[in-house]
Amino acid sequence: MTLRDLLRFTVLACVFTTPFIGLLVAESMFFPFITGKNFAFRILVEVMLGAWAMLLFIDASYRPKFSWILAAAGTFLAVIAIADFNGVNPYKSFWSNYERMEGLITHAHLFLYFIIAATVLRTEEVWKWFFRTSLSASLIVAAYAFSQKFGMQAIHQSATRLDASFGNSAYLAVYALFHIFLATFLYLRSEKKNGLHWIYPIVAVANFFVLFFTQTRGSLLGLVGGFFLAALLVSILGKDEPRVRKYAVGGIVGVVALVGAFIAFKDSSLIQSSETLKRMATISLSDSTTNSRFMIWEMSWEGFKERPLLGWGQENFLYVFAKHYNPKMYNQEPWFDRSHDVFFDWLIAGGILGLLAYLSMFAALLYYLWFTKKHRFSLLERAIFTGMLAGYFIHNIFVFDNLTSYLIFFSLLAYIHTLSAEEFPMKKSDVPAPKKKKEEELEPGDLAVAGVVIFAMTFALIYAVNIRNLNANVALIDSIRPETVLIDDGNGGKKIALKDVIDLGLFGTDEAREQLVQFAVQTLDPRIPEQIRKDFYDLTASEFEAEIKEDPENVRTLSFAATFYARFGKYEKALEYFQKAIALSPGRQSTYLDLSMMLVGIGRYTDAEGIAKTAYELEKSNGQAGITYVVTLIYQNKVDEANAIGREIGDAVYDTRIVNTYGNTGNYNKVVQLVNEKIGRGLADARDYIALAGGLASLGQKEESFAALEKAVELDASVKDQAEQLRKQIEVGVAIGR
């Protein structure tokens, strides 16, 4: 085997390994479904890069060739790089974080993967074997998913939505979506004579059932839309293929009839008995998920208008989300770092130039599919390939991308580029470059020097980009294990393990700090020694101050810092950060409510009322805002106003916090009234009867309070000890109230 062959084999081995990345779950790492896959991909690409660089040194035929796909992919990377370095937080835009592992660093690797694969996988036959390998990997993924379906493996994200080795049903769904179309495409491209072409429909069916049981509505719509478009294209353009055209028309009629029947019978027992079909039947403009998407997209649009040309940079959607937060989002996740729409994501990350550059890759693919003949695809093959792109496009309207879907997309880019590429165009005045010497004509010393330099640079790249960050990730997961939260400091004492991770100063620092906050709050447990509590407080406070100095407009950090300081009784510091968070995100009710309750806790009821009123008026349908507002009024004995707001907030008026506040202020008649009303409405549980007993006892009605305690135990035996303790207090006349 020559050196050229060895290098080519190295690149091919790395490329053919990438389809199996989706199977990797790094249990010993933080975000095991994300980090392991991404670090593995980056290392593979960097090894490819080293081997390919050496190949270029000894054989110029491996240099890239021109296509508009290459131009589009290169333009996309360049635009995003400019946007990232001019964005709100360039460091985060470059490195991302453990949860996403995207950022410019990943897109640079994807571009390198595309260009190396396109130059080394030179023939369609090699590409077919690559896609067959990907289909084989998809069968292994499908086997894992089916083992979840039949209860042999745990589902990680939810109770019923399969996620296999991806840890996210939407990620698995788009992966299966791609492989359904890929299997169909390869079936059409296969030689029917070898008898193995029947494997492709089996793979397609297996991936269909995986997609179906992920219950991912956007991907299922993409599947239907993709095949519908493929059939539509064949029916319009297939004048010379009447037999195929007839089947395409039949397919269109079938899809329309199927969709129509589904809409007509969406409330039937047949539809409602299937978790997937039931989820599909809930699609409507009034659906809570749909409403939240519209609100997030509206926020994204407002953010785009602020930075229309190059956007905010990758990983900076949080700033847009906070600044333009819609109070009607109160019943959704507290923080969104994506717009849940790939196109809005790129509009935010890269502005209009970033979005157009992203879309140009789709446009370049379609150009070579439909306006050139070099690939020799049939009409049906082009239609299926286009349907695959359409399905992916539709899926991307509702969710965001991830490494596994990017990998398939960039593989498709490389595939069509390989079939369509030409030598880079030269001006007439250009003099052709002299041919590179063949490997056997190169001086041994030249090869040795080049090899050593390239090997050293490859190793340095792998270490700088991956090894040190991978080690930091493992150290993070080790530092949050109960037995290693505190480690020896080398001087006979103990130190906080997370400090060593944070001191590395790598891109996982923010997530390490978030873990530190959680541990610091846990030290408020009175069983924790005072010195340990102090050490955690000092370190956490120091890290908060450092992070806020680095990123003073991060509302998430400011909110966490405010809550942290409030929990530790540092109220002035907490107030400072609450106010900064509110100034940066004036529509975010939860910050007002947290501040209001802190002010209640320190007896500043008038200030608490003003803050709570502002929060309530932002969005009155938020029951938590109404409850907090009522609590602040009760503490000031503004009973009439509290009653008025109570009538506006419906059943939320029976919330335990309101009942307890009436008890804390000595208004036991109101306690009894509210609990009895709750009982009358059939909303009460055992703990409500405990509260009723306390109120009755405080009013001197012992027998009635004992009856309430008996009812509480009857409803829930787990409250028996609490009920017995309260009964004893009532019997001996201990004050129950405040």
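Quick note: structure is the one above.
Rules and cut-offs
- Chains are numbered independently. Their residues run from 1 in the order of the written sequence.
- This being a predicted model, a pLDDT of at least 70 is required before a residue's local features are given, and a value of 80 or more before pairs of side-chain atoms are given or counted; all residues contribute to the totals for chains, interfaces and linings.
- Excluded from the side-chain calculation are hydrogens and water; included are all heavy atoms of the structure.
- Helix numbers and strand numbers start at the N terminus; a helix is a DSSP run of H or I with at least 4 residues, a strand a run of E with at least 2.
- The buried label applies to any residue whose accessible area, calculated with a 1.4 Å probe on protein chains only, is under 20% of its type's maximum; exposed applies above 50%, and partly exposed to all values in between.
- Should any heavy atoms of two residues lie within 4.5 Å, those residues are considered in contact.
- Only the protein chains shown count as covering a residue, and every accessible area follows the Shrake-Rupley method with a 1.4 Å probe.
- Asp and Glu count as negative and Lys and Arg as positive, but His and the ends of the chain are not part of the count.
- All charge positions are set by atom: Lys at NZ, Arg at CZ, Asp at CG, Glu at CD.
- Side-chain rings of Phe, Tyr and Trp (the six-membered ring for Trp) are treated as a pair once their centres are within 6.5 Å; stacked means planes under 30 degrees apart, edge-to-face means over 60, and tilted covers the remaining angles.
- Comment: the charge-over-ring label is applied if NZ (Lys) or CZ (Arg) is within 6 Å of the ring centre and within 35 degrees of the ring normal.
- Contacts described as polar in this section are N or O atom pairs within 3.5 Å, which, within protein, must combine one atom able to donate a hydrogen with one able to accept it, while residues neighboring in sequence count only if both atoms come from side chains.
- The set of buried Ala, Val, Leu, Ile, Met, Phe, Trp, Tyr and Cys residues whose side-chain atoms join them within 4.5 Å is what this entry labels a nonpolar core.
- Helix axes are fitted to C-alpha atoms over the stretch in contact, other axes to C-alpha atoms as well, and angles between N-to-C directions run from 0 to 180 degrees.
- Should an angle lie under 35 degrees it is considered roughly parallel, over 145 roughly antiparallel, and from 65 to 115 roughly perpendicular; all remaining angles are considered oblique.
- Three residue categories are used. Nonpolar comprises Ala, Val, Leu, Ile, Met, Phe, Trp, Tyr, Cys and Pro, charged comprises Asp, Glu, Lys and Arg, and polar comprises the others, including Gly.
- Each crossing gets its hand from how the near helix is turned against the far one by less than a right angle, where anticlockwise is left-handed and clockwise is right-handed.
- Only one rule defines a salt bridge in this text: a Lys or Arg side-chain nitrogen within 4 Å of an Asp or Glu carboxyl oxygen.
- Taking the helix axis as origin, the arc is that swept by the directions to the C-beta atoms.

**Re the overall build of the protein**
Part 1: Within the protein, the secondary structure is distributed over 32 helices and two strands.
Part 2: The dimensions of the protein, computed from C-alpha atoms along their principal axes, are 100 × 70 × 50 Å.
Part 3: Residues classed as buried in the protein amount to 51% of the 738 residues present.
Part 4: Counting contacts in the protein only where the partners sit at least 6 residues apart, residues at least 24 apart contribute 69% of the total.
Part 5: Here the protein displays about 33900 Å² of accessible surface, and carbon together with sulfur accounts for 60% of that area.
Part 6: A gap of 7 Å separates the mean positions of the 72 positive and 76 negative side-chain charges of the protein.

**Details of the packing of aromatic side chains**
Part 1: Scanning all chains against the criterion turns up 58 aromatic pairs.
Part 2: Ring plane angle 40 degrees and centroid distance 5.6 Å describe the contact between Tyr616 and Tyr629, whose orientation is recorded as tilted. Taken together, the positions of Tyr616 in helix H25 (residues 605–618) and Tyr629 in helix H26 (residues 623–635) put the pair 13 residues apart, joining distant regions of the chain.
Part 3: Members of the aromatic cluster, joined through ring pairs, are Phe76, Phe178, Phe343, Trp346, Tyr358, Phe362, Tyr392, Phe393, Tyr406, Phe409 and Phe410.
Part 4: Lying across the ring of Tyr247, Lys246 places its NZ or CZ 5.7 Å from the centre.

**Examining the side chain of Asn97**
Part 1: Within the secondary structure, Asn97 is located in the loop between helix H4 (90–95) and helix H5 (103–120).
Part 2: Asn97 gets classed as buried once you look at its relative accessible area, which sits at 18%.
Part 3: Within the local environment of Asn97, its side chain forms a polar contact with the backbone nitrogen of Glu99, the two atoms lying 3.2 Å apart.
Part 4: Excluding residues that lie within four positions of it along the chain, Asn97 makes contacts with Phe507 and Glu511.

**A short note on the nonpolar core**
Buried together is how nonpolar side chains tend to be arranged in soluble globular proteins.
Part 1: Ranked by size, the top nonpolar core spans 225 residues in total, and within it Phe114 and Phe409 carry the most contacts.
Part 2: Considering every element that reaches this core, the biggest residue donor is helix H15 (residues 342–370), with 17 residues.
Part 3: Each residue touching Phe409, except ones within four places of it in the same chain, is listed here: Phe178, Met361, Phe362, Leu365, Leu389 and Tyr392.

**Quick word on the side chain of Ser147**
Part 1: Relative to the helices and strands, Ser147 is located in helix H6 (residues 124–149).
Part 2: Not counting residues within four places of it along the chain, the set of residues in contact with Ser147 comprises Met152 and Gln153.

**Topic: the environment of Leu229**
Part 1: Residue position: Leu229 is located in helix H9 (residues 217–237).
Part 2: Each C-alpha atom of the pair Leu229 and Ile384 lies 8.5 Å from the other, and the pair is 155 residues apart in sequence.
Part 3: Sequence-distant contacts of Leu229, that is, excluding residues within four places in its chain, are made with Thr386 and Ala390.

**Some thoughts on the packing of helix H3 (residues 68–85) against H15**
Part 1: Relative to each other, H3 and H15 sit at 175 degrees, their axes nearing to 8 Å. In terms of orientation, H3 lies roughly antiparallel with respect to H15.
Part 2: The residue makeup of the contact of H3 with H15, split by class, is 18 nonpolar, four polar and no charged.

**Section: the packing of H6 against helix H8 (residues 199–214)**
Part 1: With their axes 9 Å apart at the nearest point, H6 and H8 run at an angle of 45 degrees to one another. Considered as vectors, H6 and H8 are oriented oblique to each other. The element H6 and its partner H8 pack so that their crossing is left-handed. For the pair formed by H6 and H8, the contact residues are Arg132, Leu135, Ser138, Leu139, Ala142, Ala145, Phe146 and Lys149 on the first element and Tyr200, Val203, Ala206, Asn207, Phe209, Val210 and Phe213 on the second.
Part 2: Along the lines of polarity and charge, the residues of the contact of H6 with H8 split into 11 nonpolar, two polar and two charged.

**What about the pattern of salt bridges?**
Part 1: This model, assessed by the stated rule, comprises 37 salt bridges.
Part 2: The partner of Asp688 in a salt bridge is Lys678, and the shortest N-O contact between them spans 3.2 Å. Of this pair, Asp688 sits in helix H30 (residues 686–698) while Lys678 sits in helix H29 (residues 668–680), and the two are 10 residues apart along the sequence. Judged on exposure class, the residue Asp688 and its partner Lys678 are both buried.
Part 3: Linked through salt bridges whose partners overlap, the residues forming this network are Lys92, Asp510, Arg513, Glu543, Glu547 and Glu550.

**Section: helix H27 (residues 639–648)**
Part 1: Buried residues of H27: Ala642, Ile645 and Gly646, and no others. Viewed along the axis of H27, the buried residues span an arc of 105 degrees, placing them on a single side of the element. Facing away from the buried surface of H27 by more than 90 degrees, the exposed residues are Asp640 and Arg647.
Part 2: On its buried face, H27 is in contact with H25, H26 and helix H28 (656–664).
Part 3: Gly650 lies just past H27 and shows a positive phi near 65 degrees.

**Points about the environment of Leu506**
Part 1: Within the secondary structure, Leu506 is located in the loop between helix H19 (497–503) and helix H20 (509–522).
Part 2: Distance from Leu506 to Val675, taken between C-alpha atoms, is 53 Å for residues 169 residues apart in sequence.
Part 3: Ignoring anything within four residues of it in the chain, the contact list for Leu506 reads Tyr91, Arg468, Asn469 and Ala472.

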